[in-house]
Structures are given as structure tokens and as C-alpha cells.
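Summary of structural features
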Amino acid sequence: MADSIPLNPVRKNSKKAAYYNAGRPVRYQIEDEASNLDEMPLMMSEEAFENDESDYHTLPRARINQRRRGLGWFLCGGWKVLCGSCCECLTHTCRRKKELKARTVWLGHPEKCEEKYPKNAIKNQKYNILTFIPGVLYQQFKFFLNLYFLVVACSQFVPSLKIGYLYTYWAPLGFVLAVTMVREAVDEVRRYRRDKEMNSQLYSKLTVRGKVQVKSSDIQVGDLIIVEKNQRVPADMIFLRTSEKTGACFIRTDQLDGETDWKLKMAVACTQRLPALGDLFSISAYVYAQKPQLDIHSFEGNFTREDCDPPIHESLSIENTLWASTVVASGTVIGVVIYTGKETRSVLNTSQSKNKVGLLDLELNRLTKALFLALVVLSIVMVALQGFIGPWFRNLFRFIVLFSYIIPISLRVNLDMGKSAYGWMIMKDENIPGTVVRTSTIPEELGRLVYLLTDKTGTLTQNEMVFKRLHLGTVSYGMDTMDEIQSHIIQSYAQVSSAPSNGSSASSTPSRKAPPSAPKVRKSVSSRIHEAVKAIALCHNVTPVYESRANGASTETESTEADQDFSDDNRTYQASSPDEVALVRWTESVGLTLVNRDLTSLQLKTPAGQILTFYILQIFPFTSESKRMGIIVREEATGEITFYMKGADVAMASIVQYNDWLEEECGNMAREGLRTLVVAKKSLSEEQYQDFESRYNQAKLSLHDRTLKVAAVVESLEREMELLCLTGVEDQLQADVRPTLELLRNAGIKIWMLTGDKLETATCIAKSSHLVSRSQDIHVFRPVSSRGEAHLELNAFRRKHDCALVISGDSLEVCLRYYEHEFVELACQCPAVVCCRCSPTQKAQIVKLLQQHTANRTCAIGDGGNDVSMIQAADCGIGIEGKEGKQASLAADFSITQFKHIGRLLMVHGRNSYKRSAALGQFVMHRGMIISTMQAVFSSIFYFASVPLYQGFLMVGYATIYTMFPVFSLVLDQDVKPEMALLYPELYKDLTKGRSLSFKTFLIWVLISVYQGGILMYGALVLFDQEFVHVVAISFTALILTELLMVALTVRTWHWLMVVAEFFSLGCYLASLAFLNEYFGIGRVSLGAFLDLSFITTRTFLWKVCTITLVSCLPLYIIKYLKRKFSPPSYSKLSS
């Protein structure tokens, strides 16, 4: 049954009804499609269509969020939702956005604008002068840890709650805040300088009085702006005039859509025809533009000139626009500004950067809340044991302050310093030169990634096309046999050029061009190569561009000269597709060179230097629907009319004459990762062409279904075309892309490729880069435009197992609108996903979807301005410094120079950062808990008095000089060598489970702390019953030794600095015993009891301290040894 259901998209309603009604209950008739699809959930199986008594109510519902909301919901987190929505409502009211509207813009008259439009300034800063301090403080104190310390530190101003000295609480807190403020301020100043540089770029503005210079930020809607070659377009403009006589110019859009190929833009015909620049002010004209939108690939507007009779109306489309952030690549252009600032396409497509918080920080935040709960419970127990006598409430607060060391403020300091250390190590790694860490707060995220979302052009590929193969059906030419083609071409054109010297013009046509009526003769290989190369050299949209060399001479006169500089070293080719440039470069390399092109003609240069001219009669551009492009040319010498066509094999297979090799060879080339194009031709007689032209022009003027009628007329020509050849072009991959992707896949990272490129190209690169392994199937998601189609296509996809998904941006949008949850669920099961024709905003949207639906960590990597939104939305953004500029690398958290570096960045540095931070965080907590346990034991023995065991300096010394260096030296620890981590990427999978820092490991550390704290305090009290005054010195000495031994226990790989840190700390402590002995009394009880050196040096002191330390540490060493022996972790098996 499942197989009998057609999976093609259903478009017509009648079909749809028939489809659902055949032998099925009336319940599924789809008249009102949307309402009924709400009824019918996305099926798990096809049986829902089959059974009359289908229990489809039991199937998983797409809309699960319409639950009843009661008191339970409110208490279990509903209050958060309500508070959040209230805050959103308030901010929405305060910052109500102005509604975007369509506009009429008068040329050169900004003052005629009906509304006030935003300022044309770029602003990337997070704060301003007023919001900086409140903003940074909010970012710090939204963490429970810091807020708690602020409250504790403030409580010390209340005399009855004061315990010890103020500096013991305020110094660490002040230090943390100062470091954060300085770091944020430096970042903010950098952003401000970057913005200022962009906003103060100067442009020429055309006014009635001539040209004036204006800053980019002072440009207004309605201004006429002149943009020179290689200058950035400052705002969204309509293209009015150019210095090029063709009325067209090329622009580079790499910062907008990530594609490095140049786009051809056309000037408005009415303004291009004006004799001089100044005439723009003598006419009365306006542009009507639609309201600002996100879509960078579409635009609708009109140009109207009023002062002539009748008024001139011209429709404006995307090819008349110059979007902001693009760069003019040829000539000088003049445009009228229609959108500025926040309303430009480039700004609408960039999302606001957010403050990124690592998963580890969130986990530690949760653990500190648990510690706080323990602290409160412990304080209540102490007060209860006192019997709630006297001002018990005050005592409770004193106990909370007394035990506040359970939550160590040094945790933030240590972690922040650790993060900076990891950043420094990444930047100093010689194996990944040029890597820059721009966000130092999230290096641990690199060790927790599950999804990697990558751009294609410039990230996986170099965007450099190279012609690799020409196949003529019987013979195939590769890179090593191109010289044969060259000799055939030289030979065939030598025959052609020698023929006219006989005097007969008819013989100038080589013998291969027999009249159509003659019987078909099998062509020689030479003539077939000649035809194929000529077709490739003519059928394209490429324009040769010459850099003008004559200094001082105007460009106008230069281009009119017949003897223009056509020398090879002076020529560059421009086209909207790099494939076409590769094909034309190849024809040049075999001897047939494109030397000139304008709107009506093409000129080719033969190997002998002869110039052949062809007139362009018609051109049919490439569209994603037709997947082919065609051109009709008339050769000047012979007057012959030929229709050439090239396109994707799927589109061309039905157009060319029957053959038995095309499909097979296309498959072979695709497996090699080549992009294939089929080239064909058809000779037309004069009558055939005239007939076609009249029908074509008629179709172009029709008002209804114009595109369909035009396509039908062109299709009448596309029949029984002669297949000339098949070409294979390779988009060269970046160095080591294949092994890097394999490494990431083995590490359990799922890779999604999001690209603005065509579906065929994206699929091709996915195969050649081994993003999709050879054994895997690829499911190409059909174009869907309605809910019903999406429904059927998702069901077709659900039946496939272990296959990669390829989907286009438009279909993705439809699926997300109706079936977001189901689509993401299915896509996440795929080993690889390719999204093509993605806009910058869609890329960011996909990242956010994965974060919401999977709760896993995502990483985005890209190299162009169009990847910035995706990079900023991901938990961890990586930018590549590429040909497309530095925009992505500046916006990213980490910047690398090549894609292959990502392997080491994640496997080695990501792993180390996460493991080290987890160990460091837990150890710092252990250090706080052990001293709090000792304080609790001490208080309970002394009748539950809220008296501190150690004086202020000892407490500060304990957290800093005595133990800080050994504890911090854990940032140098590593469990496996970098070579091992890269050799066995499977080790990375363990990290994503987050086992290094969890409630389980945390509880183990709590138990260790309670055991050791208890032993140290009781041991000190039991063994020192005679010398009771010395209990502080004894317990503190044992505590310091225990901590140093615990660091040694935690370390997995020793580093010489760790040994230095251990001995340095021990030395510092012994020195302080001698000099700071007045601190070693008990609380306020015995401040007078000074410590005598003679007591410390006695044997009894030494053996008793050693005994206590051994009892507290030895069992843990034994347990660790047994665990390593009987249940070793995966990494230790490798290192052994």
C-alpha cells in the first residue's frame, strides 16, 4: 500500500481530492485544506490513509502545547513564562517599532520625503555611555554566584553580622568585577572604532550646485550618490546611470550573499539615455519602492518620469538595485538612495549579537544553587541545635556568612583566568597558525559540540573552478590530453582561414557544414571537437573586462577605439557563475579566445589571430526552474543562425537526440565530484528563426501567464537538438576537507551544510567532500509550496532510512511554517543535511531551531558577510579569514585561517578546555567545602558559637597564596596527548554527554570534602588534647598539606610548572608559619596565644600532622588506584 501512494507534489485541487477520496472515508476530503490538515496529524505510517476506523487521534500530535494551564503549571515554571511575557510586553511598548511602509522617492530631493527615515549609520556596539556600567553589572549579577557574594559582602556593613575583616569579602568581588569591566570596555572601544571608520567613509553626492563630499552616515533617502569602482555601496540604491556605454555594471556581493561571482546590474533605461549627469536634476522623476524586506534576491518598484508627454513608466526589478555592502566592480555608478540604515537589506539580514554563556558556566551555576541550599540547611541545623535561643534570626545570618566559603568567590576568578589561559594556548598553537580567540568566555564550548553548521563557498571549497573533462561520446579528454584538443583546434581553424584565399566565399564554410537535407555522415573527431569548443566559447553569459591602461584618457574614448588593448595579460572574465568563467578560460587555453562582448555581439579570436564576430539574436538566461541557458547567434562571415544550449543533465536529457552514453557518463563524472554540463546545438534556417522571433515577441507582450507562454515558445525550439559534448568542471575543495569532515563525523558531530548556492552544486560538493559518504542515499526534498505538498513530501521522507537530506530554502520555509517539530525531528536523524538557496536569516533560523528542539550545542562556521547571522546565533561561532573579506572572522568567537584547523581546535583544545575547567571548578568547590566542614565541626564542639575558626588573613591566604598556584596549575593537565585525541576522534563523543561535570561527580567531591574536613578537625582535637591552644596551627597545616596532596591526586599528566607550584606554595606556607604566627590563635578566644617556633619543630607536632594528613588522603589514593585497575576510563586504555 505504501508504495502505491504517489509521492510527487500534488498541485491541482481536483487531483488532490481524487487522491484522497479513492476508497477512503469522507473524513479526508480536502476542500478546505488548511483546516482539515489541522485535523490530520503527520502520519507515522501510511495506515492512517488506509483504515476506515483509523485511530488517528492516538498518533503523536503536532501541536502539543495546548495543554490545560492550572495551578500545577503555574508552580512548575509557569510563573517564569508569565513574568517573561510581561517583560516582553513592556519592552515592546517602550520600544515600539515603526511600521515599515512602501515609499515614493523623488530623485535628488530628500526634502520631499513624506516620512522620517532612519539615519544611515552602522552601529555594532552593545552599550552606550549610560548603559555600560548597568549593562555589565547586570550581565555579572544575573549569575547566582556573583549575586550571592554581593549580598554577603554588603551584609558585613551591618555591625551585628560582621565576622572578620571587610577586605576578606570585598577584595575578591572587586577584583572579579574590575577584570570583567576592563575586558568589556576594551571590546566596546574596538567595536566603536570599527563603526566610526565605516560611518566616516566619504562619498560624492550630486546636487544642483555640482558634486559635494558627504559622510556615509549623512546620506539620506532621495540623495543621488556617485560610487566609484571598488567602492562600497553605502545604502540601498536604484541604479540610474553608469559610465559604461552598455548601461550595465558588475557588482561584488560576497558580503551580502557569500557568493564571490560578480552580478550584472542594469541602469534604468530612461536615466541612462540622458545626455549628461546634470540632466538628472532637470527632469522630474520619482521611484516607487516596496516596503523594506529581508529578501535580497527580489525587489518590486516603478520608475516614473512626469515631465514628458506621455509620462514614462519603467518597471524596476532586482537587476536595477544596488544593495548596501556590495562593491562596484566595473565603471562608476550613480544611484538614488531608497533605504538607509536599519532598513537596508544587509542590516535587516544581520541579527543582534548576543552575550554567549557556556554550558559549563550554566552547569556550575546550578551546582552553586545546590550548595547555597546546603549552606542554608546547615545554618538552620546549627541554630536548631542551639535551641533557637536569643536573637536566633541574627545567629542564622551569622552562620550563613560564616559558612559562605562553601560557595567560593575564587571560582569565577579561577575559571575566568583559566579561560584566558586556554585562549592563549589556542593562539600559540603552531599547528593552527593564525587562529584568534575573540570571545574568551566560551573555549569549553568547543568540547561539547553536537551540530556543526557550515557554509559551502569559500569554507569547504576554494570557489576556484577548474575545467577537468570533455566527453564527446566516443572519446573522453582529461587534463593530460588537452594538448590533443589544442592541435585539433589549430588544425581546423587553419583550414577555415586558408579557404577564403581561393576566392570562393562559399568554401569558407568547412566541409563539416553540410546542408541539412544531405544524408548524415559520421563526423571526424576533429570536426566534433571543433563544434564542441566553439559551442562552449559562444554559449555563456561571460564578459571580458580590460583594465584601462591609458592614464588621463577618458574611459569613453578608450572603449570606442578599434585597436583596444586585447592582450591576454590585460583581460579578466566576469560572469554571474564561476563555472562559466572556467569554461571560457578553458576555450582560451585550447586556442579559441573570447575577446569582446556587448549586448548585441560576441567576438572570438582564433589560434591564428583572426577575429570572428557573432551577432547575439536572443539569449535565454539560466533559471533554477529551467536549469539551462540558451543563446541564438548569427555568424557574421556566413550568416548562419545557430541555437546553442547548455544545462544540467536532468534538463537536457529529454531535449537532445537519442544517445546511449549521456546518463552513464554524467553519473561517472558526478561520482568524481565534477559539476557536469551538457552542450547541444541546432542549426536554424532564416525562415525558422523569423517564425520563432515573431511568436517569442508576442508571448513577451502577453499580460496573463507571460512566463508560461514564453517558456512554451522557447520549448518549441528545444527539440531533437544535436548533442555536442559533456563537460566536467571541478570546484576545488579547501586543503584536507575530506579527512577533516571524516574526523568530525567519527567524533559524533553531525554536519549540516547551509549554502546560498544552487541545489545541483550543493549536492555535488556534498558528495565530493565526502560530507555524504559514498554508500549513503541522498533524498532530494521536492519543491513544496503548500501545506498538503509538505505533508506528503515529509511522509515520503519518513520512509527513507539513513539517507542524507537535500532541501531548498523555499521548501524549508513551508515545512517550518506547518510542521516545524516533525521536520526538525526527521532532519536530526539524518547523518548529513544540505540546505541550499538559504538566505542569511534562514541560516540563523536553522541554528536557533536546532538549539530549541535538541538542546544540544551548535557550532557555525563560515567566511562571508552572509554567514555573520548564523555565526552569532550559534553557541560557538567560527569564522574563516577568506577571499570574501574579514567580516565573518571579526564577528566570530574564534577565527581560523583554514577549514582543516577546526579538527585540532575541537578535538584537542575543545577537549582540554572542557576537561580542565570541569576539574578546576570542582576542585575550587572542594577547597571551599572542606574548610566549611571544619568550621561546622569546630562550631558544634564549641557549643554552636558563630565564631570563625580562622582569622581573616588566613582565610584570604588559604584561597590565594597557599593553594592558588597548585590548584590553578590544573589548567595545564591533559588526559590524552594531542596526537591520541586526533587519532581516536571517538573520544570526543564522551565529552558531549557532559560526564566530567555532573551531579554525580559533584556529589563524590562533596563526600570527599565532608570526610576530609571531619578527619582534619577531629584529628586535630583528639591528638592535641594537651596543646589545645595550638589547634589552629595544627589543623591549618594539615589542611594545606591535604590540599597539595589532593591536587597531586587529581592531576593526570604532570607538567614541570605543577611541581614548581606545589613546592612554591609549601615554601610560602612554612615561611608564613615563622613570620605571621599571631594569626594562628583560635578565633577571638586566644588572640594572645602566640605560636612558638620550638613547638612546630618538635617531633610530636610533625608526626601528628603527618598522621592526620595521611588518614585524610591515603584512602582516596587507594580508591583511585583500584578504580584505574578495575574500571579504567576509555582514554587511559589508549595511553597505556
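Use the structure listed above.
Let me begin by describing the structure that accompanies this report. (Residues numbered from 1 in each chain as written. Predicted model: local features only at pLDDT ≥ 70, side-chain atom pairs only at ≥ 80, totals over all residues. Heavy atoms only, no water.)

1. Some words on unusual backbone geometry
Leaving glycine out, the prevailing phi sign among residues is negative, and the prevailing peptide bond configuration is trans. What counts here: Labels follow the DSSP assignment, with helices taken as runs of H or I lasting at least four residues and strands as runs of E lasting at least two, numbered in each case from the N terminus. Any residue under 20% of the maximum accessible area for its type is buried, any over 50% is exposed, and the rest in between are partly exposed; the area is computed with a 1.4 Å probe on protein chains only.
Following aspartate 309, the chain continues into proline 310 via a peptide bond in cis, with omega recorded as -5 degrees. If you trace the backbone, proline 310 turns up in the loop between strand 9 (301-305) and strand 10 (312-316). Of note in the backbone geometry, arginine 837 takes a positive phi value of approximately 50 degrees without being a glycine. Here arginine 837 is to be found in the loop between strand 30 (832-836) and helix 27 (840-854). Within the chain, alanine 855 stands out as a residue other than glycine whose phi angle is a positive 60 degrees. A relative accessible area of 64% places alanine 855 in the exposed class.

2. Some points on empty space enclosed by the protein
Selection criterion: Only protein atoms enter the 1 Å grid used here. Points where a 1.4 Å probe fits but cannot escape make up a cavity, open sets with protein on both sides within 12 Å along at least five of seven lines make up a pocket, and a residue lines them when an atom lies within 4 Å of a point. Grid points are joined across faces, edges and corners, and a volume is the space filled by probe spheres set on the points. Any residue outside Ala, Val, Leu, Ile, Met, Phe, Trp, Tyr, Cys, Pro, Asp, Glu, Lys and Arg is labelled polar, Gly included; the first ten of those are nonpolar and the last four are charged.
For the structure shown, the criterion picks out six cavities of 30 Å³ or more. In terms of lining residues, the largest cavity is bounded by 17 residues, among which Leu402, Tyr405, Pro948, Tyr950 and Met955 are the most central. Taken together, the elements giving at least two residues each to the lining of the largest cavity come down to helix 7 (167-199), helix 13 (392-402), helix 30 (901-941) and helix 31 (952-962). Among the elements that make up the lining of the largest cavity, the one with the highest residue count is helix 30 (three residues). Considering only residue class, the lining of the largest cavity consists of 11 nonpolar, six polar and no charged. Taken as a whole, the second largest cavity spans an internal volume of roughly 90 Å³. In terms of lining, the second largest cavity is formed by Phe143, Leu145, Asp361, Leu364, Asn365, Thr368, Leu411, Arg412 and Leu415. Sorting the residues of the lining of the second largest cavity by element identifies helix 12 (359-386) and helix 14 (410-428) as the ones contributing at least two each. Taken together, the residues of the lining of the second largest cavity sort by class into five nonpolar, two polar and two charged.

3. A few points about the sheet that holds strand 12 (residues 327-328)
The criterion, for reference: By definition, two strands form a pair when at least two bridges between them are found by DSSP.
One open sheet holds the three strands; their spatial order is 7-6-12, and the pairing between them is antiparallel. At either margin of the open sheet sits one strand with a lone partner, and together these are strand 7 (262-266) and strand 12. The pairing of strand 6 (residues 248-252) with strand 12 spans two bridges and is classified as antiparallel. Bridge assignment links isoleucine 251 to a residue of strand 12, and that residue is valine 328.

4. A look at a nonpolar patch on the surface
In plain terms, the rule: The patches reported here contain residues having more than 30% relative accessible area and no salt bridge. Joining distances are 9 Å for like charges and 5 Å for nonpolar side chains (Val, Leu, Ile, Met, Phe, Trp, Tyr). Accessible surface area values rest on a Shrake-Rupley calculation with a 1.4 Å probe, where residue burial reflects the displayed protein chains alone. A carboxyl oxygen of Asp or Glu within 4 Å of a side-chain nitrogen of Lys or Arg is what we treat as a salt bridge.
On the surface, Leu1045, Leu1110, Leu1114, Tyr1117, Ile1118, Tyr1121, Leu1122 and Phe1126 cluster together to form a nonpolar patch covering roughly 810 Å² of accessible area. Among the elements that line the nonpolar patch, the one with the most residues is helix 39 (residues 1099-1126), at seven residues. Along the polypeptide, leucine 1122 turns up in helix 39.

5. So, helix 36 (residues 1031-1050)
The condition that has to hold: Multiplying 1.5 Å by the helix residue count minus one yields the expected span of that helix.
Between its first and last C-alpha atoms helix 36 spans 28 Å; for 20 residues at 1.5 Å apiece the expected length is 28 Å, and the two agree. The element helix 36 is largely enclosed, with a buried count of 17 among its 20 residues.

6. Here we look at the packing of helix 12 against helix 13
Our working definition: Orientation is described by lines fitted to C-alpha atoms, with helices fitted over the stretch in contact, and by angles between N-to-C directions that extend from 0 to 180 degrees. Reported orientations rely on four angle classes, namely roughly parallel under 35 degrees, roughly antiparallel over 145, roughly perpendicular from 65 to 115, and oblique for the rest. For a crossing to be left-handed, the near helix must be turned anticlockwise from the far one by less than a right angle; the clockwise case is right-handed. Note on contacts: a residue pair is in contact if any heavy atoms of the two residues lie within 4.5 Å.
At a minimum axis distance of 9 Å, the contact between helix 12 and helix 13 shows a crossing angle of 135 degrees. In terms of orientation, helix 12 and helix 13 fall into the oblique class. As for how helix 12 packs across helix 13, the hand of that crossing is right-handed. Contacts between helix 12 and helix 13 pair Leu375, Ser379, Ile380, Met382, Val383 and Gln386 from the former with Trp392, Asn395, Leu396, Phe399 and Ile400 from the latter. Residue composition of the contact of helix 12 with helix 13, grouped by class: eight nonpolar, three polar and no charged.

7. Remarks on the sheet that holds strand 22 (residues 611-620)
Strands sit in the order 17-16-26-25-24-23-22-21-20 across an open sheet of nine strands; the sheet is antiparallel. Each edge of the open sheet carries a strand with a single partner, namely strand 17 (476-477) and strand 20 (593-597). Sheet topology places strand 22 next to strand 23 (residues 628-635); six bridges connect them, and they run antiparallel. Each bridged residue has a counterpart across the sheet, and for glutamine 618 the counterpart in strand 23 is isoleucine 632. Contacting strand 16 (461-471), strand 20, strand 23, strand 24 (641-647), strand 25 (675-684) and strand 26 (722-733), helix 18 (residues 578-589) crosses the sheet at an angle of about 50 degrees to strand 16.

8. Section: the nonpolar core
Rules: For this analysis, a nonpolar core means a set of buried residues of the types Ala, Val, Leu, Ile, Met, Phe, Trp, Tyr and Cys, connected via side-chain atoms within 4.5 Å.
Ranked by internal contacts, the top residues of the largest apolar core, which has 94 residues, are Ile878, Phe894, Ile902 and Leu906. For this core, the leading source of residues is helix 30, giving 12 residues. In this structure, phenylalanine 894 is in contact with Ile426, Val436, Val437, Thr439, Ile442, Pro443, Leu446, Cys876, Gly877, Ile878, Gly879 and Leu905, ignoring residues within four places of it in sequence. Of all hydrophobic cores here, the second largest spans 42 residues; its members include Ile489, Tyr573, Val581 and Ile616.

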